[in-house]
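Spelled out, the chains give:
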Amino acid sequence: MSKRREALLGGACMLAGVAARADTWPSKPIRLVIPFAPAGASDVLARIVAQKLTQSLGQSVVPDNKAGANGILGTDVVAKSPPDGYTLLMTVGSAQTLAPNLYKLPYDAEKDLVAISNFAALNTMIVVHPSVPAKTIQEFIGLAQANPGKYDFAAGTSLIQLVGESFKKATGTHIVAIPYKGTGPQLAAVLAGEVAMTIDPFTAVQQVKAGKLRALAVLSNTRSTVLPEVPTLVEAGVRGVELSSWVGLMAPAGTPRPIIDRLHAEMVKIVAMPDVKERLAALNYEPVGDTPEQFAAAIAAETARWARIVKETGFKAQ
């Protein structure tokens, strides 16, 4: 037998083996890696998905928190796992699109993972303490432009600080970044009036509704259904600062397409479930459920955008 024929037969056998494994998948429990600590929003959402997939797939989908290094440790575990559909990743936007532009990663974020479906999106908003004499985002920009260095903003994560730097560049303002350890402390600082503003991942919705904080703008391209009265930055004429955090499902690159398609179909069903919509709304998330192609394109565009912003602002992760 010629070497060429042997190679062709070997390739055919390999493809047949992959097809057979995909046809019988899942035949054992699935590990769902969450690259963050328990109890956070991404963990809660991942456990919703795990529960629903367990019911629909007929096999246990077991959440596994692998926290550390801004999501890098857990992502690395999945990136280096066999592409057989038995190790999946429930990740967030900053870990997949911002981290590659800030850190030296032990994996290739673009080549080592494949997108399945974006589960849910969380808007972000600019909020200020009520003592700030600005009722609109235009008024706040005007105040900041007229008083360089007078106003500051709480930055609890690299993402928040980078968005703040991007906002400053887009509006020609000089607002001082005050670092905090997490979004909880940054929110507490604004509520206490220690700082004037912050960029909040919709954790302050109730405080806004209670009048303890003032929401000036959301950073998505369209208004949020959670706070529909709050305009977008784009409506105010400020572009280039759009931000929407997401939680989505991914797998190791090379995972058979039939498995990817099955998981996507299940995710579409999950986001349409009334009880899931209710739980997402309680967390201020909005269901998505896009296709693998749509999700991959969004990740690529977002990664490129962060690369440009990091370069333009000269931002360095702390």
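Here the structure is a predicted model, which means the values were calculated and not measured.

**Student:** Teacher, can you tell me more about the packing of aromatic side chains here?
**Tutor:** Geometrically, a pair of aromatic rings is defined through the distance of the ring centres and the angle of the planes. Counting across every chain of the model gives two aromatic pairs. For the pair W246 and F295, a centre-to-centre distance of 5.0 Å together with 80° between the ring planes defines the contact as edge-to-face. Of this pair, W246 sits in strand β10 (residues 244–252) while F295 sits in helix α11 (residues 292–313); the two residues are 49 residues apart in sequence, bridging distant segments of the chain. Look at W246 and you get buried, because its relative accessible area is 6%. Exposure remark for F295: the relative accessible area of 1% places this residue in the buried category. The ring of Y86 carries the charged tip of K28 above its face, separated from the ring centre by 4.7 Å. Sitting above the plane of the W306 ring, R305 keeps its charged end 5.2 Å from the centroid.

**Student:** Can you walk me through the confidence of the model for the protein in this structure?
**Tutor:** The predicted model of the protein averages 91 in pLDDT, with 93% of residues at 70 or higher. Contacts for the low-pLDDT stretch residues 12–16, under 50 throughout, to residues beyond four places or in other chains number zero contacts.

**Student:** I keep staring at the pattern of salt bridges and nothing clicks. Help me out?
**Tutor:** When their charged atoms lie close together, side chains carrying opposite charge are able to pair. Tallied over the full model, the rule gives eleven salt bridges. Between E235 and R223 there is a salt bridge, with its nearest N and O atoms 2.9 Å apart. Here the residue E235 occupies a position in the loop between β9 (214–218) and β10, and R223 occupies one in the loop between β9 and β10, the gap between them amounting to twelve residues. A residue is classified by how much of its surface remains accessible, and E235, at 46% relative accessible area, is partly exposed. Residue classification places R223 among the partly exposed positions, given a relative accessible area of 39%. In this structure, R257 engages D261 in a salt bridge whose closest nitrogen and oxygen atoms are separated by 2.7 Å. Of this pair, R257 and D261 both sit in helix α9 (residues 257–271), four residues apart, which is roughly one turn of that helix. We classify R257 as partly exposed; its relative accessible area is 40%. Residue D261 is classed as partly exposed on the basis of its relative accessible area of 36%.

**Student:** For this particular structure, what's the right way to read the nonpolar core?
**Tutor:** It is characteristic of soluble globular proteins that their nonpolar side chains tend to be buried jointly. Among the nonpolar cores identified, the biggest contains 50 residues, and M90, F119, M125 and L263 are the most heavily contacted of them. The element best represented in this core is helix α2 (residues 41–57), accounting for seven residues. In this structure M90 touches L32, V33, I34, P35, A46, V49, F119, V247, G248, L249 and M267, once residues within four positions along its chain are discounted. Grouped together as the second largest cluster of nonpolar side chains are 33 residues, I141, A144, V163 and W306 included.

**Student:** Would you take a moment to explain the layout of surface pockets for this structure?
**Tutor:** Unfilled space is identified by rolling a water-sized probe across the atoms. What the largest pocket holds in volume is close to 1,100 Å³. Lining the largest pocket are 44 residues, with F36, S94, T157, L159 and T183 positioned closest to its centre. Counting residues per element, the ones that place at least two in the lining of the largest pocket are α2, α4 (93–102), α6 (158–171), β10 and α11. For the lining of the largest pocket, the leading source of residues is α4, giving seven residues. The residue makeup of the lining of the largest pocket, split by class, is 24 nonpolar, 18 polar and two charged. Lining the second largest pocket are 22 residues; nearest its centre among them are L219, S220, N221, L243 and S244. Mapped by element, the contributors of at least two residues to the lining of the second largest pocket are β4 (113–123), β10, β11 (285–287) and α11. Its residues placed into classes, the lining of the second largest pocket shows nine nonpolar, eight polar and five charged.

Calculation criteria
Residues numbered from 1 in each chain as written. Predicted model: local features only at pLDDT ≥ 70, side-chain atom pairs only at ≥ 80, totals over all residues. Heavy atoms only, no water. Phe/Tyr/Trp six-rings, centres within 6.5 Å; stacked < 30°, edge-to-face > 60°. Helix = DSSP H or I, 4+ residues; strand = E, 2+ residues; numbered from the N terminus. Buried < 20%, exposed > 50% of the residue type's maximum accessible area, 1.4 Å probe, protein only. Lys NZ or Arg CZ within 6 Å of the ring centre and 35° of its normal. pLDDT = per-residue confidence, 0-100. Contact = heavy atoms within 4.5 Å. Salt bridge = Lys/Arg side-chain N within 4 Å of Asp/Glu carboxyl O. Core = buried A, V, L, I, M, F, W, Y, C linked by side-chain atoms within 4.5 Å. 1 Å grid on protein atoms, 1.4 Å probe; cavity = no way out; pocket = protein on both sides within 12 Å on 5 of 7 lines; lining within 4 Å. Points joined across faces, edges and corners; volume = space filled by probe spheres on them. Nonpolar A, V, L, I, M, F, W, Y, C, P; charged D, E, K, R; others polar.

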